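# Structural overview for review
What follows is the residue order along each chain.
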Amino acid sequence: MFGNMGHQKKIPFPLLKRAASYIHSDYLNIFIHSLMPAPITPADATFPMRLNRYLAKQGVATRREADALIEAGRIIVNGQKATLGMKVNETDQVTVENANRRHHTYLAYYKPRGIITHSPQGKREYSIADVTKKSDLFPIGRLDKDSEGLIILTNDGRITERLLHPRFAHEKEYEVTVQETIDKSKLPALEAGSMEEGELLTAKSVRVTGKDTLTIVLTEGKKHQIRRMLSAIHLTVIALKRVRIMNVLIGAMNPGQSRPIAGAARTAFLADLDLQ
């Protein structure tokens, strides 16, 4: 553990401890957790490496947030304040200074249909932040305005890439209702994948649950992916609801409701993201 957080503590660079950063208004909080670094793939393990890139790979912060830490003088390399654009080697000593511990919150939220995930346009559009009044939390990922269902709200920026990037292959499950009667013979094409507007769209699994309903599991989240995939086989989506993200289920929640991800569910959720 870091002990007195007011004093700096040097850590061998390969064992750099993660700090999740949260930037709000004009202040910056840095969260320190004694976690082992995330594995870096062989393609990424090229040194010297830009400091902000390495911090992002380790789950400390996004590159932009890492640059903010550097500009704020919070990152020390070999006893000297880091500078923007600098590179580091595996043997370098890195320090995160003046760190304040902050409790991470994770909520399972049922986004109602008609609510915008981010940045509403116009007076008659409302975002998740507008309706939940939880300005200290932000949604991970998106659900389009005409869709509803589960979305994670948090103040932990570490989980964004780990949850959303396709290389981690985390499952998101959707219940879909279409206008037409489903022709089962066309469904294998969804798992095989199809090119739409230059993008390969695939589903991990597809299961028919009724004459006009099906369940789809994705491990990526391209814009309007399910609607585009089904449109390619001449099915029109009239209702789309996300019911699961990894091990987190929407359960019995109603639109607009939320619940903490706590206890064993929280432990499992973070473990699947290689975090604590």
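First, a word on scope: everything that follows refers to the structure included in this document.

Scoring rules and cut-offs
Residues numbered from 1 in each chain as written. Predicted model: local features only at pLDDT ≥ 70, side-chain atom pairs only at ≥ 80, totals over all residues. Heavy atoms only, no water. Helix = DSSP H or I, 4+ residues; strand = E, 2+ residues; numbered from the N terminus. Buried < 20%, exposed > 50% of the residue type's maximum accessible area, 1.4 Å probe, protein only. Contact = heavy atoms within 4.5 Å. 1 Å grid on protein atoms, 1.4 Å probe; cavity = no way out; pocket = protein on both sides within 12 Å on 5 of 7 lines; lining within 4 Å. Points joined across faces, edges and corners; volume = space filled by probe spheres on them. Nonpolar A, V, L, I, M, F, W, Y, C, P; charged D, E, K, R; others polar.

Its place among the elements puts Thr215 in strand S16 (residues 213-218). On the basis of relative accessible area, Thr215 is assigned to the buried category, the value being 8%. Not counting the four nearest positions on each side in its chain, Thr215 is found in contact with Glu173, Tyr174, Glu175, Ser205, Val206, Arg207 and Thr209.

Computed from the structure, the largest pocket encloses a volume of approximately 680 Å³. If you go around the largest pocket, you meet 28 residues; those closest to its centre are Arg142, Leu143, Gly221, Lys222 and Lys223. Listing elements by their share of the lining of the largest pocket, those giving two or more residues are helix H4 (159-164), strand S12 (172-178), helix H6 (225-232) and strand S17 (237-245). Counted by class, the lining of the largest pocket contains 11 nonpolar, 8 polar and 9 charged residues.

Turning our attention to the environment of Lys223. Tracing the backbone through its elements, the reader meets Lys223 in the loop between S16 and H6. According to the relative accessible area criterion, Lys223 is exposed, its value standing at 63%. In this structure, the C-alpha to C-alpha distance between Lys223 and Asp144, residues 79 residues apart in sequence, is 8.5 Å.

The next point concerns unusual backbone geometry. Put simply, Phe47 and Pro48 share a cis peptide bond, and its omega is 0°. The residue Pro48 is located in the loop between strand S3 (27-33) and strand S4 (49-50) in this model. Its identity as a non-glycine residue notwithstanding, Lys133 has a phi of 60°, on the positive side. For Lys133, the position within the fold is in the loop between helix H3 (128-132) and strand S10 (138-140).

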